[in-house]
Amino acid sequence: MERPGWDDYFMAIADMAARRSNCCRRQVAAVIVRDHQIISTGYNGTPRGITNCCDGGCPRCNSDVPSGSNLGECLCSHAEENAIVQAAYHGIAVAGAVLYTTFSPCLLCAKMIINSGISEVIYRARYSIDDTSMRLLAEAGVKVRPLNEGGER
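Residues numbered from 1 in each chain as written. Predicted model: local features only at pLDDT ≥ 70, side-chain atom pairs only at ≥ 80, totals over all residues. Heavy atoms only, no water.

Caption draft 1: View of the overall build of the protein. Along its length, the protein carries four helices and five strands. Tracing the protein from N to C terminus, the helices and strands come up as α-β-β-α-β-α-β-α-β. Relative to its length of 153 residues, the protein is compact, with a C-alpha radius of gyration of 15 Å against a globular reference of 15 Å. Considering only C-alpha atoms, the protein reaches an extent of 45 × 35 × 30 Å along its principal axes. Burial analysis of the protein (153 residues in total) assigns 41% to the buried set. In the protein, 57% of the contacts between residues at least 6 apart in sequence involve partners at least 24 apart. With the model as given, the accessible surface of the protein reaches about 8,400 Å², and the carbon-plus-sulfur share is 50%. If you average the places of the 15 positive and of the 16 negative side-chain charges in the protein, the two averages end up 2 Å apart. (Helix = DSSP H or I, 4+ residues; strand = E, 2+ residues; numbered from the N terminus. Rg over C-alpha atoms; globule rule 2.2 N^0.38 Å. Buried < 20%, exposed > 50% of the residue type's maximum accessible area, 1.4 Å probe, protein only. Contact = heavy atoms within 4.5 Å. Areas by Shrake-Rupley, 256 points an atom, 1.4 Å probe, with all protein chains shown as cover. Lys, Arg positive; Asp, Glu negative; His and termini not counted. Charge placed at Lys NZ, Arg CZ, Asp CG, Glu CD.)

So, in structure tokens, the structure goes:
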């Protein structure tokens, strides 16, 4: 019997959580972990109480604008944002935790990660517009690595 390493285990849970996303453009999820225990999860989509993105709740996502365009018009919350806010909603501190995410963080999420005290980000795929966020995370001392680069097997 071969057991998955911690990184593969938590990323598989993030993959499953991404399936809950209601965004019609991209399904993304994040899992926040401390001491090998999940303390929060989040996936992208419209805020609580708002019509789901896939049901027309986000005009930007339901339009034909190119990926990466008009992001300020998007009503969807990002997976990392939702995981951090969900922890705060339940009074759970995330300082010193590890965040697993299916896509590397955007700039807004990178700022939230830094300010929340998360110490490491492990991602599966690179987001196409994450150069500034990667520089910011590095400057703030947040360890960032793709899945299995220097991770457990």
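Further notes follow.
Caption draft 2: Seen up close, the side chain of asparagine 44. For asparagine 44, the location among the structural elements is in the loop between strand S2 (37–43) and helix H2 (79–89). A polar side-chain atom of asparagine 44 sits 2.8 Å from the main-chain amide nitrogen of valine 28. Setting aside chain neighbours within four positions, we find asparagine 44 in contact with Ser21, Asn22, Cys23, Arg26, Gln27, Val28, Ser77, His78, Ala79 and Asn82. (Polar contact = N/O pair within 3.5 Å; in protein donor to acceptor, adjacent residues only side chain to side chain.)

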